[in-house]
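Next come the chains, spelled out residue by residue.
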Amino acid sequence: MNTEFSQLGLHPQLVQAATELGYTAPTPIQADVIPMLLVGHDVIGQAQTGTGKPAAFALPILQNLTPEAAGVQSLILAPTRELALQVSQAFEQYGRHLNVKVLAVYGGQAYDRQIRNLSRGVDIVVGTPGRLLDLMERKVLDLSTVRTLVLDEADEMLSMGFIEDIEAILKATPETRQTALFSAT
């Protein structure tokens, strides 16, 4: 089956961004997950590294954003700062034709910049569990408006001992949120 991004129900701006980035056809994980996330289903996705998992969740999240809505609409948890940066850059690339504000938060970076950006308002936060908890404890990150939560490399986060942190973060989000878990193993 030869599927194109335009056949997945994505907005033309998102199809255009994918095309500009050199994508010709969705990978199997993208073709399976994108339609399910677009209609609001919770998903668990497993695919090898390098198969485009970030696009599988970023494209539907970007499509489902409500422009000018107050508060963080989507939260993506990543086990490492490198992955948090990679995923936030992917959101910026896929959302290049949209007015979307993405913020990566992780340890090793000054709090001031992250707090300043949060106070200005962001649509999507991509972060590591420890820094997310720190920002929540400082009362500068409110997750009560999150509509979509993604645990990227969920298996890795659990093996790194982040279960209690993840549970605390989940409790701060609405029960009605859409949830997606992704892993490479």
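Source: prediction; values computed, not measured. (Residues numbered from 1 in each chain as written. Predicted model: local features only at pLDDT ≥ 70, side-chain atom pairs only at ≥ 80, totals over all residues. Heavy atoms only, no water.)

Chemist: When you look at the pattern of salt bridges in this model, what are you seeing that I'm missing?
Modeler: Pairs may arise between side chains of opposite charge once their charged atoms sit close together. Within the structure shown, the criterion is met by one salt bridge. Two residues, R96 and E20, come together in a salt bridge whose shortest N-O distance is 3.1 Å. Residue R96 is located in the loop between α4 (81–94) and β3 (102–105), and its partner E20 is located in helix α1 (residues 12–20); the two are separated by 76 residues in the primary sequence. E20 gets classed as partly exposed once you look at its relative accessible area, which sits at 39%. (Salt bridge = Lys/Arg side-chain N within 4 Å of Asp/Glu carboxyl O. Helix = DSSP H or I, 4+ residues; strand = E, 2+ residues; numbered from the N terminus. Buried < 20%, exposed > 50% of the residue type's maximum accessible area, 1.4 Å probe, protein only.)

Chemist: Explain the nonpolar core here, please?
Modeler: One recurring pattern in soluble globular proteins: nonpolar side chains tend to sit buried together. Within the largest apolar cluster, 36 residues are counted, with the highest numbers of intra-cluster contacts made by L10, F57, I76, F91 and I124. Breaking this core down by element, the ones donating at least two residues are α1, α2 (28–38), α3 (53–64), α4, β4 (124–127) and β6 (178–183). In terms of residue count, the dominant contributor to this core is α3 (seven residues). The residues contacting I76, other than those within four sequence positions of it, are F57, I61, V87, F91, I124, V125, V126, G127, V150 and D152. The next biggest cluster of nonpolar side chains, apart from the first, holds 22 residues, and it includes L103, V105, V122 and L135. (Core = buried A, V, L, I, M, F, W, Y, C linked by side-chain atoms within 4.5 Å. Contact = heavy atoms within 4.5 Å.)

Chemist: Where do I start with the side chain of S183 in this structure?
Modeler: Within the secondary structure, S183 sits in strand β6. You can call S183 buried: its relative accessible area is 11%. Setting aside residues up to four positions removed in sequence, S183 forms contacts with G45, Q46, A47, K53, E153 and D155.

Chemist: Explain unusual backbone geometry here, please?
Modeler: In most cases, non-glycine residues show a negative phi, while peptide bonds are predominantly trans. For E68, which is not glycine, the phi torsion reads 65° and is therefore positive. Of note, E68 is situated in the loop between α3 and β2 (74–77). Relative accessible area serves as the criterion here: at 72%, E68 is assigned to the exposed category. In this model, K139 sits at a positive phi of 65°, which is unusual for a non-glycine residue. Its location among the elements puts K139 in the loop between α6 (129–137) and β5 (148–151).

So, to be careful, I would describe these as geometric facts and stop short of saying anything about function.
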